[in-house]
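Close look at the chain arrangement
What follows is each chain in one-letter form.
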Amino acid sequence: MTSRGFTYWLIVAAVCSVAATGSNAPAAEVSYIDVASGRSYARQQMATAAKFYGLEMEETVLTGRRDTASAVAAIGDPNIVAVVITANTLSALDQQQVLAALRKHGHRIPVLIVGVTEQTDSAVLRQWSAGAIAGCKTSAIAQGRGSYTVSSITDITRQLSSHRFPLNQTDIRYMIMDARHGVQLLMAAKLDSVELPVFANVALGNQVLFFATETRADDIPVSPDPFREQAVFATLAPQLMFLRYAAGLRAWHSPASYANLTIDDAWLRERYGYVDYVKLLREAQGHNFHVTVAFVPWNFDRSEPAMISLFRTHPDRFSITVHGNNHDHQEFGLYKTHPLNMQVDDIRQALARMERFSELTHIPYSPVMVFPHSISPESTLAALKRYNFLATANSLNVPSDASAPPDEEFALRAVTQAFANFPSLRRYSAEVPIPESQLAIDAFIGNPMLFYVHQGFFAAGIDSFNRTADTVTELQPDVQWQSLGHIAQHLYLTKLRDDGAYDVRLYTGSTHLENTQKRESTFFIEKEEDFALPMDVLVDGQPYAYERVGTQVRLKLLVPGGKSREITFRYRNDLNLAAVDISKSSSRISIIRLLSDFRDNMVSRTALGRRFIRSYTGKSSEWNGIAVILTGLVVALGAWHLSKGRKSVSRVARRGVITVTGR
Ligand SMILES: [Zn+2]
């Protein structure tokens, strides 16, 4: 768009801002009632869980020891979907008046009693639970002993049913339950064969009351480790389960469940190491998974016609995403050895090569970057955004020069926009066991489950991934296995508003927003923006008015029933793909790529070779010194290539020792 056009749309945006303002006006959805003011751990947990689901929590502090009136007024708010009362507060309330106020809503408003401790009056507990909960006790436990177990009450525990989570506490407060009174155990601390109830519910007529004991987790160190999710989740599990149950579609949720298997480094040759695409297709069809090749752009002009045809005829099972550019050693490493300007040049060349790949093969690629080795520094993510990549997916979603954010939401969601305002996704290596509880939490939260392997993973058989795929299907029967591009375009969260419209939170620069309702619906859309780049907002390719509010872009969109619309944030940049040199002029890089092929296609075929690769990957600096072995590889490579009738690689031998880039 021209700058005049841009100015015009800014004006339109300003004029239309009135229409969008107020769309996100908060109304209390969770009523939190306490006798004491101040920051308690229970309040903090509840506020964290409410914020996670995008629910507005309003706190009511009672004025005295008998103040049911304040509580009844708070409960009467027509917008509320859940009521939370601290255990200390129960004795200040008239239970019958509270229950009557809840009944006035005409639909169920579940209540959670939080912070039950041994100090909670057992007579009051018994009264509020109709005799089902007789008291609370404390048990000291050795750190790291035991685990939390979740029951299987499907409308509440959902995908978490029957899973275990870490117990990071030195003592446990647990409820004494009287099974004769129809109490449902939802979560317990399990020590050996003993189960200590920490979360349960009781039905009083049509009213459901939940009870959760006070939990005080020991510090969970902040780190980028994605598996920290389990420990963080365990500390909030009752609150998150309760609010998900109470709020339903009013809570932030994903449009669907997504999963993907990515094979790093491969290109379209039959076979690539242990990857036999024809056989893998049969496994993917039989076990319902999708395979993305994380494709090194340097390989853009090497695809074999039979494999091109296979990928083109099975876009539901095969796709391509971007894996670095040359896959040169640490090409997206720290800036002191790989300056930002070089990394930006690599991104530009990667895009130009991938465009050429698509021209040659008629296979599209996802503009999602999987960095070779590990994620780049933060400013490189800003460059990905500038060049309109949709996202990046790596084993860690925290850039190599940044620290992990301390908030729980970061630990719980697979995607973060905390770095350069660009969506960064975490993914799991399926080459090592993945705790099933991690996947259960992902399914419960709606996180995309992204897996990756290298070709050697299939040495044990082309069916090696089937079990993981089956586990995902068991956890989430309606899971959609899709390309990384499709998943990036469906990363948004949505929630139903009390006026029947929807709020939407976008993460990606291009989103397919789907209206699954039969009727036309209004969507109030928000996206975090740092406004560091000039941009245009388009809907179905046409410029669209938006409002800028603080660090957010907001827009209002009508979507007909059963239809979808494409919302694009197009960042303007200087990239002219036709002017980017995509030639493979560096002999050093050519040698690295050929050695890499040799590693994956020849060396890894033997147990000895695989041991070498594993050792090399772990101790590359030591190995770099062992010139003899590499020289041997070079000679062997030469012989292999000659035997294949390919062009001579005598330059390789002349050049001497090269670093074989890792995985
Ligand atoms: Zn790689």
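To start, this report covers the structure provided alongside it.

Right, let's talk about the nonpolar core for a bit. In terms of nonpolar packing, the biggest core is built from 168 residues, with Ala-82, Val-84, Ile-113 and Leu-243 touching the most fellow members. Residue contributions to this core peak at 12 residues, all from helix 7 (residues 229-247). What Ala-82 contacts, discounting residues up to four positions off in sequence, is Val-30, Ile-109, Pro-110, Leu-112, Leu-243, Ala-246 and Ala-247. Formed by five residues, the second largest nonpolar core is a distinct cluster that contains Ile-592, Leu-594, Leu-595 and Phe-598.

This next bit is on helix 2 (residues 41-52). End to end, helix 2 covers 17 Å across 12 residues, agreeing with the expected 16 Å (1.5 Å per residue, within 8%). Of all the positions in helix 2, only Ala-42, Arg-43, Gln-45, Met-46, Ala-49, Ala-50 and Phe-52 are classed as buried. Tucked into the core, helix 2 has its buried residues touching strand 1 (30-34), strand 2 (57-61), strand 3 (82-86), strand 4 (111-116), helix 7 and helix 12 (408-412). Of the residues trailing helix 2, Gly-54 is marked for its positive phi of about 70°.

This paragraph deals with the packing of helix 3 (residues 68-75) against helix 4 (residues 95-103). Helix-helix packing: each pair is described by the crossing angle between the helix axes and the interaxial distance. For the pair helix 3 and helix 4, interaxial distance at closest approach is 9 Å and the crossing angle is 15°. One element, helix 3, and the other, helix 4, form an angle in the roughly parallel class. Along this stretch, helix 3 crosses helix 4, giving a crossing that reads as right-handed. For the pair helix 3 and helix 4, contact is made by Thr-68, Ala-71, Val-72 and Ile-75 and by Gln-97, Val-98, Ala-101 and Leu-102, respectively.

Pairing in this open sheet of four strands is antiparallel, and the strands run 24-30-26-27 from one edge to the other. Every interior strand has two partners, whereas the edge strands, strand 24 (510-514) and strand 27 (542-543), have only one. For strand 26 (residues 535-539) and strand 27, the ladder comprises two bridges, and the chain directions are antiparallel. When the sheet's bridge partners are listed, Val-539 is paired in strand 27 with Gln-542.

Scoring rules and cut-offs
Residues numbered from 1 in each chain as written. Predicted model: local features only at pLDDT ≥ 70, side-chain atom pairs only at ≥ 80, totals over all residues. Core = buried A, V, L, I, M, F, W, Y, C linked by C-beta atoms within 7 Å. Buried ≥ 20, exposed ≤ 12 C-beta atoms within 10 Å, placed from the backbone. Helix = DSSP H or I, 4+ residues; strand = E, 2+ residues; numbered from the N terminus. Contact = placed C-beta atoms within 7 Å. Expected span 1.5 Å × (residues − 1). Axes fitted to C-alpha atoms, helices over the stretch in contact; angles between N-to-C directions. Parallel < 35°, antiparallel > 145°, perpendicular 65-115°, else oblique. Left-handed = near helix turned anticlockwise from the far one by under 90°. Pairing = 2+ DSSP bridges.

Such coordinate-based values are descriptive only and should not be taken to indicate function.
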